[in-house]
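Observations on chain architecture
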Amino acid sequence: MGVTTTNLAMGPATVNVGAFGATEPADTAIAMAADPPTPDYTNVGGTMGGVTITITQQWKEFEVDQIVEVPERRVTRREIAAKTQLAEVTLDNLILALASGTKTTGTSGAPDTFEPSNTDSGASPNYKSVILDGAGAGGRKRRVIIRKVLSTENVDIASSKDSQQSYPVTFTGHYVSPSIKSYKILQIPPAA
């Protein structure tokens, strides 16, 4: 098989976040001109270091005494995650990175404030949905929709003379339902 250089891809991705269950853009309306792609999503702004999507699978091996090779495998776990650093260190992005909290907008010169949520370990977290738009093969765009995510990364807020601040996030995907898959990847046709 020869190399098809038009199938090589490079470039940044935009990150849009909505509530879990937010209305997704229709597959037929995937020109990706709109950012955010629907009114139910918000663009998180600039990122640093790109966006890395990881799909992890774990397999259980079958075993029999009479064969030395592994005769078969079955998938026992699958997880998708999108990892990046939010370059815009707003309180809204901090809430997103921590998967909880409340922002109060100050009035009459008072500061905006962030306070963490006071929930116990039995409380259901605030799941989100994420749409990642970036470069794909053949000069086309690629859209990744992860339908139920939670930011599971530890957040360090460093202040130093020669380093830009950012919020690290790992949007880890979760099961939705038997009829709704946890994620979808679309390859956008080139503009006509």
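Everything numeric here is computed off the predicted structure, so don't read it as measured data.

Quick word on helix α1 (residues 91-98)
Along α1, the positions that sit buried rather than exposed are Asn93, Leu94, Ile95, Leu96 and Ala97. Downstream of α1 by a residue or two, Ala99 has a phi angle that is positive, lying close to 60°.

Brief notes about the pattern of salt bridges
Applying the stated criterion across every chain yields a total of eight salt bridges. A salt bridge links Asp27 to Lys184, with the nearest nitrogen and oxygen atoms 2.8 Å apart. With Asp27 in the loop between β1 (14-19) and β2 (41-43) and Lys184 in strand β10 (residues 183-188), this pair connects stretches of sequence that are 157 residues apart. Taking relative accessible area as the criterion, Asp27 reaches 40% and is therefore assigned partly exposed. For Arg77, the salt bridge goes to Glu79, with nearest N and O atoms at 3.4 Å. Look at Arg77 and you get partly exposed, because its relative accessible area is 45%.

Here we look at the packing of aromatic side chains
Tallied over the entire structure, the rule returns zero aromatic pairs. Over the aromatic face of Phe20 sits the side chain of Lys148, whose NZ or CZ is 5.2 Å from the ring centroid. When the ring centre of Tyr127 is taken as reference, the NZ or CZ atom of Lys148 above it lies at 4.5 Å.

Here we look at the pairing of strand β4 (residues 73-86)
On a regular strand, one side chain projects to one face of the sheet and the next to the other, so that they alternate. Two strands pair when backbone bridges link them, and strand β3 (residues 47-61) and β4 are joined in this way by 12 bridges, in the antiparallel orientation. Bridging from a neighbouring strand, Thr47 pairs with Leu86 of β4. As paired strands, β4 and strand β9 (residues 167-173) are joined by six bridges and run antiparallel to one another. When the sheet's bridge partners are listed, Ala82 is paired in β9 with Phe171.

Section: the environment of Thr56
Looking at the secondary structure, you find Thr56 in strand β3. For the pair Thr56 and Arg78, spaced 22 residues apart in sequence, the C-alpha to C-alpha distance is 5.5 Å. Contacts of Thr56, omitting those with residues within four sequence positions, involve Arg77, Arg78 and Glu79.

Rules behind the numbers
- Along each chain, numbering runs from 1 in the same order as the chain's sequence is written.
- Local features are withheld for residues below a pLDDT of 70 in this predicted model, meaning they are given only at 70 or higher, and side-chain atom pairs are given and counted only at 80 or more; totals for whole chains, interfaces and linings count all residues.
- To obtain the side-chain values, all non-hydrogen atoms of the structure were included, while hydrogens and water were left out.
- Here the term buried applies to any residue with accessible area under 20% of the maximum for its type, exposed to any over 50%, and partly exposed to those in between, with areas from a 1.4 Å probe on protein chains only.
- Put simply, DSSP H or I for four residues or longer makes a helix, DSSP E for two residues or longer makes a strand, and each gets a number counted from the N terminus.
- We count a salt bridge whenever a side-chain nitrogen from Lys or Arg sits within 4 Å of a carboxyl oxygen from Asp or Glu.
- Stacked, tilted and edge-to-face are the three classes assigned to paired rings of Phe, Tyr and Trp, where Trp is represented by its six-membered ring and a pair needs centres within 6.5 Å; plane angles under 30 degrees give stacked, over 60 edge-to-face, the rest tilted.
- A positively charged side chain is recorded as over a ring if its NZ (Lys) or CZ (Arg) lies within 6 Å of the ring centre. The angle to the ring normal must also be within 35 degrees.
- Any two strands with at least two DSSP bridges between them are considered paired.
- Residue contacts are defined here by distance: any two heavy atoms, one from each residue, within 4.5 Å place the two residues in contact.

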